[in-house]
Amino acid sequence: MEASLDQLRTLAAVVDEGTFDAASAALGVTPSAVSQRIKALETSVGRVLITRTKPVRVTGPGAAVLRLARTTTRLADDTAYDLGLGGGAGFARLPIAVNADSLATWFLPALARMPARQRAVFDVHLDDQDRTYELFTSESVLAAVTSIDRPVAGCAVTPLGSMRYLAVASPDFAAAALPDGLTDAAVADAPLIVFNRKDTLQHRFIQQVTGESLTPPTHFLPSTADFLNGIRLGMGWGMVPELQAEGEMARGTVVALAPDRPMDVPLFWQVWPLDSPPLRALTEVVLAAADVHLRPTASHGVRGWGPATRA
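Residues numbered from 1 in each chain as written. Predicted model: local features only at pLDDT ≥ 70, side-chain atom pairs only at ≥ 80, totals over all residues. Heavy atoms only, no water.

**Digging into the packing of helix α1 (residues 5-17) against helix α2 (residues 20-27)**
Rule in force here: An axis is simply a line fitted to the C-alpha atoms; with a helix, the fit covers only the stretch in contact. Between two such axes, the angle follows the N-to-C directions and lies from 0 to 180 degrees. In this text, helices come from DSSP runs of H or I with a minimum length of four residues, and strands from runs of E with a minimum of two, each type numbered from the N-terminal end. In these notes the angle categories are as follows: under 35 degrees is roughly parallel, over 145 is roughly antiparallel, 65 to 115 is roughly perpendicular, and the rest is oblique. Helix crossings are classified by the rotation of the near helix relative to the far one: an anticlockwise turn of less than a right angle makes the crossing left-handed, while a clockwise turn makes it right-handed. Should any heavy atoms of two residues lie within 4.5 Å, those residues are counted as being in contact. Nonpolar residues are Ala, Val, Leu, Ile, Met, Phe, Trp, Tyr, Cys and Pro. Charged residues are Asp, Glu, Lys and Arg, and all others, Gly as well, are polar.
Contact pair α1 / α2: the axes reach a minimum separation of 8 Å and the direction vectors enclose 120°. In terms of orientation, α1 and α2 fall into the oblique class. When you trace α1 past α2, the crossing you get is right-handed. Residue-level contacts link R9, T10, A13, V14 and E17 of α1 to F20, A22, A23, A26 and L27 of α2. In the contact of α1 with α2, the residues fall into seven nonpolar, one polar and two charged.

**Quick notes on the environment of Q270**
Note the cut-off: Type-normalised accessible area, obtained with a 1.4 Å probe on protein chains alone, sets the label of each residue: buried when under 20%, exposed when over 50%, and partly exposed for intermediate values. By the criterion applied in these results, polar contacts are pairs of N or O atoms within 3.5 Å in which, for protein atoms, one can donate a hydrogen and the other can accept it, and in which residues neighboring in sequence qualify only through two side-chain atoms.
Note that Q270 resides in strand β11 (residues 263-271). Classification of Q270 as buried rests on a relative accessible area of 1%. The sequence separation of Q270 and I96 amounts to 174 residues, and the corresponding C-alpha distance is 10.0 Å. A polar atom in the side chain of Q270 sits 3.1 Å from the backbone oxygen of I148. At 3.1 Å, the side chain of Q270 forms a polar contact with the backbone oxygen of R150.

**Some words on helix α5 (residues 100-112)**
Counted only if it meets this: To estimate the expected span of a helix, subtract one from its residue number and multiply by 1.5 Å. What the bend at a residue measures is the angle between two axes, fitted to the seven residues ending there and to the seven starting there.
A rise of 1.5 Å per residue sets the reference length of α5, with its 13 residues, at 18 Å; its end C-alpha atoms lie 17 Å apart and thus fit the reference within 8%. Of all the bends found along α5, the most pronounced is centred on W106 and spans about 60°, while P109, a proline, follows it within four residues.

**Observations concerning the nonpolar core**
Nonpolar side chains in soluble globular proteins tend to end up buried together. Applied cut-off: As used here, the term nonpolar core means buried Ala, Val, Leu, Ile, Met, Phe, Trp, Tyr and Cys residues forming a set that is joined through side-chain atoms within 4.5 Å.
One finds W106, F107, L160, W237, W269 and L282 to be the most contacted residues of the largest nonpolar core, which totals 59 residues. Residue contributions to this core peak at seven residues, all from helix α12 (residues 277-293). Setting aside residues up to four positions removed in sequence, F107 forms contacts with I96, V98, S102, V145, W269 and V286. Counting residues in hydrophobic clusters, the runner-up holds 17 residues, among them L11, A13, V34 and V56.

**Looking at the pattern of salt bridges**
Quick reminder of the rule: Any carboxyl oxygen of Asp or Glu that lies within 4 Å of a side-chain nitrogen of Lys or Arg is treated as forming a salt bridge with it.
Considering all chains together, one arrives at eight salt bridges under this definition. In this structure, E42 and R52 form a salt bridge, with 2.9 Å as the shortest nitrogen-oxygen distance. Placement of the pair is E42 in helix α3 (residues 31-45) and R52 in the loop between β1 (50-51) and β2 (57-58), with a sequence separation of ten residues. For E42, a relative accessible area of 12% translates into the label buried. Judged by relative accessible area, R52 falls into the partly exposed class, the value being 44%. Between E248 and R232 there is a salt bridge, with its nearest N and O atoms 2.9 Å apart. Of the two residues, E248 is situated in helix α11 (residues 242-251) and R232 in helix α10 (residues 224-232); the sequence distance between them amounts to 16 residues. For R232, a relative accessible area of 32% puts it in the partly exposed group. Several salt bridges converge on common partners, so that one network encompasses D16, R70, R93 and D123.

**Structural notes on empty space enclosed by the protein**
For the record, the criterion: Using only the protein atoms, space was sampled on a 1 Å grid; points where a 1.4 Å probe fits but cannot get out form cavities, open sets with protein on both sides within 12 Å along at least five of seven lines form pockets, and lining residues are those with an atom within 4 Å of a point. Grid points are joined across faces, edges and corners, and a volume is the space filled by probe spheres set on the points.
Counted under the stated rule, the structure contains two cavities of 30 Å³ or more. The wall of the largest cavity is formed by S162, M163, R164, E242, L243, H293, L294 and R295. Contributing elements (two or more residues each) for the lining of the largest cavity: β6 (156-169) and α11. No other element matches the three residues that β6 contributes to the lining of the largest cavity. Grouping the amino acids of the lining of the largest cavity by side-chain chemistry returns three nonpolar, two polar and three charged.

**Remarks on the layout of surface pockets**
For the largest pocket, the calculated volume is near 390 Å³. For the largest pocket, the lining is made up of 16 residues, of which R9, D16, T73, D77 and R93 are closest to its centre. Looking at the lining of the largest pocket, the elements that each hand over two or more residues are α1, α2, α4 (60-82) and β3 (92-98). Per-element accounting of the lining of the largest pocket gives the leading share, five residues, to α1. In this model, the second largest pocket occupies a volume close to 320 Å³. Taken together, 15 residues form the lining of the second largest pocket, with V56, R57, V58, R131 and S140 sitting closest to its centre. Secondary structure elements with two or more residues in the lining of the second largest pocket: α1, β2, α4 and α6 (129-137).

**Brief notes about unusual backbone geometry**
The residue after K54, namely P55, is reached through a cis peptide bond having omega 0°. Inspection of the secondary structure puts P55 in the loop between β1 and β2. One non-glycine residue, R119, adopts positive backbone phi at about 50°. Position of R119 relative to the elements: it lies in the loop between α5 and β4 (120-126). Residue class for R119 comes out partly exposed when judged on its relative accessible area of 21%.

Put into structure tokens, the structure is as follows:
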């Protein structure tokens, strides 16, 4: 297989941007040039690398070549910077996958602590923790926060710690809908707030507390800010990261429904093994932030709960 740096960079751009037109704008070349480079690369490999959908999708062979593209372009950019050839736009672009609750609590401050000398910009892909693992295994990102500790061949997996969740509600909602606590009858009838249809945290909690698979009336609020605000406003109850819940409880906007029954979800950092200073620095700031903000993980953090989708 013969592949030029331009072809590999173009493949990564098409996958990152989602369309040929968007990739041409990002690369500063014509859409025709993008198409020609991808066709030439596919001819060299002898495989279809991406499907021409909107957004494009990476095929199985395409995932393998995309990994080569990520590695080669990252090392090429690092070398150009070391040689003083990067120019004004010589910033390292780091695609990362992370779940919503981590981004809303401890992960963004970690990114903000990235040393300026690394000249890095972040392309954050937001999804549930299972999907972040899929993005990582498909080489769409260079690193990911995930609740899955299964390593990809050749990659490093580091335990970050556990994110603790508490069941909370506004004081008025708790008094009106759950006056006797989380009884079966009350939980079955009290409105519940869920992040989206992939979010299983609340139902796992219900199963653990009541021993029943109950289906209470449910609001879906697919935004971390709106999710918490819906609880504050008394729309229903839900599982909130301890990192957010503690401040809300101190202000009196929410109360813990079962303070002695937290849910701990283990998180892991998976990263491709590139000899790249910006990627090494990213790992350092992420691990440092996790050490401060996440709880130590006992027995890989699985305390009877297993992986949960909104973690």
